[in-house]
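Descriptive structure summary
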Amino acid sequence: MDFELSKEQREIKGRAAAFVEEVCRPLEATWGVDDYAVPHDVFMNVVRKFREYGFRGLAVPKEAGGQGLGTMAKCLLYEEIVKLR
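Description of the structure in this document. Each chain has its residues counted from 1, running along the sequence as written. Reporting of local features is limited, given that this is a predicted model, to residues whose pLDDT is at least 70; pairs of side-chain atoms are given and counted only at 80 or more, and all residues count toward the totals for whole chains, interfaces and linings. Side-chain measures here rest on the full set of heavy atoms in the structure, leaving out hydrogens and waters.

1. Concerning the overall build of the chain
For the record, the criterion: Secondary structure elements follow DSSP: runs of H or I of four or more residues count as helices, runs of E of two or more count as strands, with numbering from the N terminus. A 1.4 Å probe rolled over the protein chains alone gives each residue an accessible area, and that area as a share of the maximum for its type sets the label: buried under 20%, exposed over 50%, partly exposed in between. By definition, residues are in contact when any of their heavy atoms lie within 4.5 Å. Accessibility throughout is a Shrake-Rupley quantity obtained with a 1.4 Å probe, and a residue counts as covered only by protein chains that appear here.
Broken down by element type, the chain carries 3 helices and 0 strands. Across the chain, helices and strands are ordered from the amino to the carboxyl terminus as α-α-α. Over its C-alpha atoms, taken along the principal directions, the chain stretches across nearly 45 × 30 × 20 Å. Within the span of the chain, comprising 85 residues, buried residues form 19% of the whole. In the chain, 58% of the contacts between residues at least 6 apart in sequence involve partners at least 24 apart. In the form shown here, the chain has an accessible surface area of approximately 6200 Å², with 57% of it arising from carbon and sulfur atoms.

This is the structure in structure tokens:
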């Protein structure tokens, strides 16, 4: 069994780490970790950046308008995001 990430998966993991460091981490100082009252403009900026980094619809099938990269791609993204805590 091969447990190595594919080139595409390593790329997703790298972009996810960059997204966390460049977009999310700087926001940590602006509000508490458990404060879900994020200002709308901040939220929309994060959503815009999320799309720019190419994360929209990672696991959604191509025929449904997504990227069709599967659950593993989504998990790699989430794995980097949860490192914020």
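Having seen it, we continue.
2. Comments concerning the side chain of Glu80
Position of Glu80 among the secondary structure elements: in helix α3 (residues 70-82). According to the relative accessible area criterion, Glu80 is buried, its value standing at 7%. Once you skip the residues sitting within four places of it in the chain, Glu80 turns out to touch Lys13, Ala16, Ala17 and Val20.

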